[in-house]
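Listed below, chain by chain, are the residues.
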Amino acid sequence: MASHTAFLIALTGGSGSGKSTLVEALGERLGPGGSVTLAEDAYYWPLAHYAGASDAINYDNPSAKEVDRLHTDLSALKAGNPVNVPIYDYARHDRSAEVCRVEPAPVILLEGIHALSMPTLTPLIDLRIYVDTPDDLRLARRLRRDVLERDRDVEDVLEQYLATVRPAHYRFTFPAKFQADLVIADEGLPAYGDVKPSRSAIDRMLAPILERLSHENVLAERR
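Position numbers for residues start from 1 in each chain and track the written sequence from start to end. Only residues with pLDDT of at least 70 are given local features in this predicted model, and only at 80 or more are side-chain atom pairs given and counted; all residues enter the totals for whole chains, interfaces and linings. Each side-chain value is worked out from all heavy atoms of the structure, with water and hydrogens disregarded.

Chemist: Which residues make up the packing of helix H3 (residues 135-149) against helix H4 (residues 154-173), and what values do they have?
Modeler: When two helices pack together, their arrangement is given by the angle between their axes and by how far apart the axes lie. Lines are fitted to the C-alpha atoms to define the axes, a helix being fitted only along its stretch in contact, and any angle between axes, read from their N-to-C directions, falls within 0 to 180 degrees. Segments assigned H or I by DSSP are reported as helices when at least four residues long, segments assigned E as strands when at least two residues long, and all are numbered from the N terminus. Packing of H3 against H4 brings their axes to within 11 Å, and their N-to-C directions diverge by 135 degrees. Accordingly, the angle class assigned to the pair H3 and H4 is oblique. Note that H3 runs across H4; the crossing there is right-handed. Of H4, the residues touching H3 (which contributes Asp135, Arg138, Leu139, Arg142, Leu143, Asp146 and Val147) are Val154, Val157, Leu158, Gln160, Tyr161, Val165, His169 and Tyr170. Per-class residue counts for the contact of H3 with H4 are nine nonpolar, two polar and four charged. Under this scheme an angle from 65 to 115 degrees is roughly perpendicular, one under 35 degrees roughly parallel, and one over 145 degrees roughly antiparallel; angles in between are oblique. Should the near helix be turned counterclockwise from the far one by less than a right angle, the crossing is left-handed, whereas a clockwise turn marks it as right-handed. Note on definitions: a residue-residue contact is assigned when non-hydrogen atoms from the two residues lie within 4.5 Å. Residues are grouped as follows: nonpolar covers Ala, Val, Leu, Ile, Met, Phe, Trp, Tyr, Cys and Pro; charged covers Asp, Glu, Lys and Arg; every other residue, Gly included, is treated as polar.

Put into structure tokens, the structure is as follows:
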């Protein structure tokens, strides 16, 4: 690929698979100015898009995302142009009026449950990664996150998981495992009572990604 075109890595996996943690660690390895991260969740449609029918929203379906805008922003970043990324407010379940200015970088990291489930993005992606994490561990992480960080009720989290999260995972996200260039296994808990991967576990998961980037000469081209 041409040196002036950014290298796009799309990383997906089920809810609670550790995508964000892995992408953050990868960004640190690529160094300051070496990469920029886009969270696919930022592109949830604003409530106004549904014209009063918000009760029927399935947040685990790719149709809940503004895919065309995401495509436009990724294309601009690959071409070396800055973009204004929307900000999603989880507390209000709506898009904020503010935006986040994102400057271009040699490597773009796109992460989200639908990062490999939107066909229109496929031609832009240079490396497809799937994080394969056991269902029980993913559910434990989701429960902890939603209850402790988003102040949600356990029963409400479980109801949503069984009604939409789990079915959508196997319909939209899981099939991407068989189309990915790399499948990164997260085998289980690093220590008793802990649901977050340890530093050594993260390093182990990063190793095949860094090896692939080295093989593609991505790291050498951007030094």
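Chemist: Tell me about the pairing of strand S1 (residues 7-13), and please be specific about residues and values.
Modeler: For S1, the buried fraction is high: seven of the seven residues fall into the buried class. Strands are labelled as partners when DSSP assigns at least two bridges between them. Pairing geometry for S1 and strand S5 (residues 107-111), over five bridges, is parallel. Each bridged residue has a counterpart across the sheet, and for Leu8 the counterpart in S5 is Ile108. Here S1 pairs with strand S6 (residues 127-132) via five bridges, running parallel. Opposite Thr12, over in S6, you have Tyr130 as the bridge partner. Per-residue accessibility, obtained with a 1.4 Å probe over protein chains only, is compared with the maximum for each type, and a residue is labelled buried under 20%, exposed over 50%, and partly exposed between these values.

Chemist: Any chance you could break down helix H5 (residues 199-215) for me, citing the residues and the numbers?
Modeler: The span one expects for a helix is its residue count, reduced by one, times 1.5 Å. With 17 residues, H5 should cover 24 Å at 1.5 Å per step; its first-to-last C-alpha distance of 24 Å lies within 8% of that length. Within H5, the full set of buried residues consists of Ala201, Ile202, Met205, Leu206, Ile209, Leu210 and Leu213. After H5 finishes, the residue Asn217 shows a positive phi value of roughly 65 degrees.

Chemist: Explain the packing of aromatic side chains to me, using residue names and the numbers behind them.
Modeler: Stacked, edge-to-face and tilted labels apply to pairs of Phe, Tyr and Trp rings (six-membered ring for Trp) whose centres lie within 6.5 Å, assigned for plane angles under 30 degrees, over 60, and everything in between, in that order. For the coordinates displayed, the defined rule picks out five aromatic pairs. Pairing Tyr170 with Phe174 gives two aromatic rings, centres 5.4 Å apart and planes at 55 degrees, and the pair type is tilted. Ring plane angle 85 degrees and centroid distance 5.3 Å describe the contact between Phe174 and Phe178, whose orientation is recorded as edge-to-face. We classify Phe174 as partly exposed; its relative accessible area is 26%. Exposure remark for Phe178: the relative accessible area of 61% places this residue in the exposed category. Here a set of aromatic residues connected by ring pairs shows up, and it is made of Tyr44, Tyr59, Tyr88 and Tyr90. If you follow Lys65 out to its NZ or CZ, it ends over the ring of Tyr44, 4.7 Å from the centre. Comment: the charge-over-ring label is applied if NZ (Lys) or CZ (Arg) is within 6 Å of the ring centre and within 35 degrees of the ring normal. Between the NZ or CZ atom of Arg150 and the centre of the ring of Tyr90, over which it lies, the distance is 4.1 Å.

Chemist: Can you lay out the environment of Ala56 for me, pointing to particular residues and giving the numbers?
Modeler: Mapped onto the fold, Ala56 is located in the loop between strand S2 (35-39) and helix H2 (67-78). Sequence-wise, Ala56 and Asp132 are 76 residues apart; in three dimensions their C-alpha atoms are separated by 29 Å.

Chemist: Pulling in residues and values, what's your account of the environment of Arg199?
Modeler: In this fold, Arg199 is placed in helix H5. Residue class for Arg199 comes out partly exposed when judged on its relative accessible area of 44%. The spacing of Arg199 and Ala25 is 174 residues in sequence and 9.4 Å in space, taken between C-alpha atoms. Once you skip the residues sitting within four places of it in the chain, Arg199 turns out to touch Ala25, Glu28 and Leu206.

Chemist: Tell me what's going on with the pattern of salt bridges, and back it up with residues and numbers.
Modeler: Within this document, salt bridges are pairs made up of a side-chain nitrogen of Lys or Arg and a carboxyl oxygen of Asp or Glu, the two lying within 4 Å of each other. Across all of its chains, the model carries 18 salt bridges by this definition. Between Asp203 and Arg29 there is a salt bridge, with the nearest N and O atoms lying 3.1 Å from each other. Here Arg29 lies in helix H1 (residues 19-30) and Asp203 lies in helix H5, a separation of 174 residues in the sequence. Residue Asp203 is classed as partly exposed on the basis of its relative accessible area, which comes to 30%. One salt bridge connects Lys78 with Asp126, and the closest N-O pair in it is separated by 2.8 Å. With a gap of 48 residues between them, Lys78 in helix H2 and Asp126 in the loop between S5 and S6 connect regions that are remote in the sequence. Note on Asp126: relative accessible area 30%, which makes it partly exposed. Three or more residues joined by partner-sharing salt bridges are found here, namely Arg142, Arg145, Asp146, Arg150, Arg152 and Asp156.

As far as function goes, none of this settles anything; it's purely spatial.
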